[in-house]
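Summary of the model geometry
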There are 4 protein chains.
Amino acid sequence: MLVAYFSQTGNTESMAEAVAEGARSEDADVVVKRIGDVTKADLEAADGIALGSPVHMGDVAVEVRSALVDWAYGKGFWRSRGLENKACAVFATGGAPSNGKEFTMLSMALGLLQYGMVLVTPYGGLGASATTGVPEHEKGVGEHELSEARGLGARLARVALRLRE
Amino acid sequence: MLVAYFSQTGNTESMAEAVAEGARSEDADVVVKRIGDVTKADLEAADGIALGSPVHMGDVAVEVRSALVDWAYGKGFWRSRGLENKACAVFATGGAPSNGKEFTMLSMALGLLQYGMVLVTPYGGLGASATTGVPEHEKGVGEHELSEARGLGARLARVALRLRE
Amino acid sequence: MLVAYFSQTGNTESMAEAVAEGARSEDADVVVKRIGDVTKADLEAADGIALGSPVHMGDVAVEVRSALVDWAYGKGFWRSRGLENKACAVFATGGAPSNGKEFTMLSMALGLLQYGMVLVTPYGGLGASATTGVPEHEKGVGEHELSEARGLGARLARVALRLRE
Amino acid sequence: MLVAYFSQTGNTESMAEAVAEGARSEDADVVVKRIGDVTKADLEAADGIALGSPVHMGDVAVEVRSALVDWAYGKGFWRSRGLENKACAVFATGGAPSNGKEFTMLSMALGLLQYGMVLVTPYGGLGASATTGVPEHEKGVGEHELSEARGLGARLARVALRLRE
C-alpha cells in the first residue's frame, strides 16, 4: 500500500503516518512518501493508495492536484489504465472545522476515481480529517483524529486485499 | 430579508436567530421562519434569503431540499424568475467537524444559485456553520459560531441593499 | 444486486434497466425497483447497490435524498451498519450537459459512502449519466449513454463479487 | 472587469472572449488575460473577475488552482482582503458532458468565494460551460455555449456595477 501526502507544518504527515500504521495492523506492506517523491513503480506496486492534503484556500494543495494530473499523463496511467480496480482513500487537515476539508477530500477522491479506483471511506465520512487550529492557536492533530486515520488505513488494507485477485 | 431554516434540536434555529440578528444590525427588516412555513409572499418580499439546514446522513435535510424544489415548481419561481438577483447565503450545523456541513451548504448554495440569486459567504468559507457535537456529548452552538452567523447576516444585508435598485 | 431509482419521464428508468442488464451480463442476480418500493430485505440481500436520480433544481431528487435518510433511521441501517462493505454506484439524468448531473451523482455517492459502502465508478467519471434534452426538445437517453450504464453495472457486479466473503 | 483563463486547445480561450464580449455589451472595461499573466494591479483594478479552466482529470487545471493560491499569499490578497465584495463568475470546458465541468467550476467558485467575493451564475447553472468533444472527435465550442458565456459576462458586469460604491 502507498500513503502519499503533502505537508508543510507536519499535520498532514502525522495523519499519513497514522493511516500507514492502521494498514500495517492488517499486515499490509506500506510505503509512506511525500507526494513529490512518488514514482511510477510505487504506484504500480500498490494495491491501495491513500492520498492526503492540507486545505489551501478552501481546496486541495496545488502539489497534490498536480500529482494527480502527472500520474495520468506524465507517468502514463490514464492510457495504461494501470491504477484501475486498486482501492483508494483520502485524508485532509485544515485549520477550522468547515474551511474546506470536505472539498479537499472530494477533489482528491474525484481525481482517484477518474482512474477507475474504488473508493473506501470511514463510516460516516468521506475521509479521515483533522482540524488543526488557526496559526495563532495551533493545536495540531488530536488522538481522536489519528485514531480515525488508523481506522481508515486498516479498512483500506482490508478492501485492497479483497480486490486483489 | 428572509431567514429560513429546518431544525429539530434547536441548533440550526440558534444559528438562524444569529443570522437574523446580524442582518438587523444593518437595519434590515428580517423575517425568520421554519422552512415549512415560508410563503410565496415571504420569498417575493425578501431582497435577501439565508437558508439553513442540519446535516442528515452527510448532506442537506430532506425538508430543505424539498422546499428548494417546491419554490421552483409549486410556487412558480422557476418560470417567473422572481428570485433572480436577490442575495443569498447559507448556514449549517452538524455533529462532527467534517461530517457533511460543507456538502450541506453546497447543496443549498447550488439550489439558490439555480434561481439566479447572488451568493454571499463569510470570509474564508462557504457559509456559517456550527459543530454541535455527537448525541452522547452534545455541546450545541458556541459563541464563536454565533458570531460568524451574525457576521454573515450583516454581510448579506449589506449586499442585498446594494443589489436592490 | 439492487438497482434503485426515481423516474418521472422514464429516462432514469431506462438508465436503471441498462445498469441491471450490465450486472446480469456478469451473472449477478439483479432486482430493479423504484426507490419508494425498496424494502429492508432488498437492501440486506444486495451485495451491490446502484442508485439513480434525475436532476431536480440542480441536485438530487427529493425522493432519493429522502430514501437515503430513511434507510439510515427508518430502516435502521445506520446503527446496524448493515450496508457496510457492500459495493455501490450512482447514475443520473438531466436536461442539459452541465445542469447538475455531477452534483446529483455526488449527493448520492456521499449518502451511500456514509454507510461504509465502497464506491465504484466508470473510468473517467463519477457515475453513468445521460443528457436527455430540455422539455421542448426531448431527446431521451442515447445508445452511448446506455452503454456506459451497462458498463457501470457490469463493473459494480464484479467488484461486489470480490468484496463478498 | 478581468477575465482570466487557462487554455491549451483554445476552447477555454473562446469562452473567455465570449464572457468579455458580454461584459463589454454592458459598457464594462474588460481585460482578458491568460492566468499566468494576471498581475496584482489587474486584480486590484477589477470590480468583477471571471475565471475559466478546462477540465483536467476530472477537476480544475493546476495552473488555475495554483493562481488562486498565489493571489492569496504571493500577491497578498488574503491578508489585505483586497478582493472582498468584488463580483465573480466561473466558466469551464471539458470533453464529455459529465466529465468534471461542474466540479471544475465548483473548485474555482470555492476559491473565489474564500476571498469574500460575491458569486454570480447563469440562470440554472453554476457557470458557463462547453462540451468540446473527445480528442478523436473534436467539436470545439458551439454558438449556444458562446451565447451562454456572453450572457454570464453581461450579468457579471451588471452585478459588479451595483456592488461598486
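Now for the overall build of chain A. Regarding its fold elements, chain A presents 6 helices and 7 strands. Reading chain A from its N end, one meets helices and strands in the order β-α-β-α-β-β-α-α-β-α-β-β-α. Compactness check: chain A gives a C-alpha radius of gyration of 14 Å against a globular reference of 15 Å for 165 residues, within 12% of the reference. Principal axes of the C-alpha set define a box for chain A whose edges measure 45 × 30 × 25 Å. For chain A, long-range pairs separated by at least 24 residues make up 79% of all intrachain contacts whose partners lie at least 6 apart in sequence.

Least-squares fitting of chain D to chain A yields an RMSD of 0.0 Å, with the transformation described by 0.0 Å of translation along the axis and a rotation of 180°. What the superposition gives is, in effect, a two-fold axis relating one chain to the other. For chain D, the minimum C-alpha distance to the rotation axis belongs to Val62(D) and amounts to 3.2 Å. Both copies contact each other with a shared surface, as 100% of the interface residues of chain D are interface residues in chain A too.

Mapping chain C onto chain A calls for a screw motion: a turn of 180° about the axis and a shift of 0.0 Å along it, with 0.0 Å RMSD after fitting. Taken together, the interface assignments show that 100% of the residues at the interface of chain C recur at the interface of chain A, consistent with an identical surface on both copies.

The next point concerns the interface of chain D and chain A. Every contact between the two is made by 15 residues of chain D and, on the other side, 15 residues of chain A. Listing elements by their share of the side of chain D that touches chain A, those giving two or more residues are helix H3 (62-74) and helix H5 (101-114) of chain D. In terms of residues, the side of chain D that touches chain A owes the most to one element, H3(D), which gives 6 residues. Of the residues that constitute the side of chain D that touches chain A, the class distribution is 7 nonpolar, 6 polar and 2 charged.

With respect to the secondary-structure elements, Leu119(C) resides in strand S6 (residues 118-119). Considered as a pair, Leu119(C) and Cys88(C) are 31 residues apart in the sequence and their alpha carbons are 5.0 Å apart. Contact partners of Leu119(C), with chain neighbours within four places excluded, come to Val118(A), Leu119(A), Cys88(C), Ala109(C), Leu112(C) and Leu113(C).

With respect to the helices and strands, Gly125(C) occurs in the loop between S6 and strand S7 (128-131). On the basis of neighbour counts, which here come to 23 C-beta atoms within 10 Å, the residue Gly125(C) falls in the buried class. Sequence spacing of Gly125(C) and Glu102(C) is 23 residues, and the spatial spacing of their C-alpha atoms is 8.9 Å. Residues in contact with Gly125(C), not counting those within four places in the same chain, are Ser98(D) and Asn99(D).

Moving on to the pairing of strand S5 (residues 87-94) of chain B. Consecutive residues of a regular strand have side chains that alternate between opposite faces of the sheet. All names here are of chain B. S5 sits mainly inside the fold: 8 of its 8 residues count as buried. Of the two faces of S5, the one lined by Ala-87, Ala-89, Phe-91 and Thr-93 and the one lined by Cys-88, Val-90, Ala-92 and Gly-94 are each fully buried. Bridge count between strand S3 (residues 48-56) and S5: 7 bridges; the pairing is parallel. Each bridged residue has a counterpart across the sheet, and for Ser-53 the counterpart in S5 is Ala-92. Pairing between S5 and strand S6 (residues 118-119): 2 bridges, direction parallel. In the strand pairing of S6, Cys-88 is matched with Leu-119. Taken together, S5, helix H5 (residues 101-114) and S6 form a β-α-β motif whose crossover is right-handed. Judged from the 4 bridges that link them, S5 and strand S7 (residues 128-131) form a sheet pairing that is parallel.

Bringing the environment of Leu146(A) into the picture now. Residue and element names in this part refer to chain A. With respect to the helices and strands, Leu-146 occurs in helix H6 (residues 143-163). Between the C-alpha atoms of Leu-146 and Ser-129, which are 17 residues apart in sequence, the distance is 8.7 Å. Not counting chain neighbours up to four residues away, the residues in contact with Leu-146 comprise Ser-14, Ala-18 and Val-141.

Facing 16 residues of chain C, the contacting portion of chain A comprises 16 residues. Elements with a contribution of two residues or more to the side of chain C that touches chain A: helix H5 (101-114), S6 and helix H6 (143-163) of chain C.

Residue and element names in this part refer to chain C. Across the two faces of strand S1 (residues 2-5) the burial is the same, with Leu-2 and Ala-4 and Val-3 and Tyr-5 all buried. Bridge count between S1 and strand S2 (residues 31-34): 4 bridges; the pairing is parallel. Bridge pairing in S2 places Tyr-5 opposite Arg-34. Viewed along the sheet, the connection from S1 through helix H1 (residues 11-24) into S2 turns out right-handed.

Criteria and cut-off values
Residues numbered from 1 in each chain as written. Chains lettered and ligands numbered in written order. Predicted model: local features only at pLDDT ≥ 70, side-chain atom pairs only at ≥ 80, totals over all residues. Helix = DSSP H or I, 4+ residues; strand = E, 2+ residues; numbered from the N terminus. Rg over C-alpha atoms; globule rule 2.2 N^0.38 Å. Contact = placed C-beta atoms within 7 Å. Least-squares fit on C-alpha atoms with pLDDT ≥ 70 in both. Nonpolar A, V, L, I, M, F, W, Y, C, P; charged D, E, K, R; others polar. Buried ≥ 20, exposed ≤ 12 C-beta atoms within 10 Å, placed from the backbone. Pairing = 2+ DSSP bridges. Right-handed = clockwise from strand over helix to strand, strands pointing away.

Scope: geometric values only; no functional claims are made or implied.
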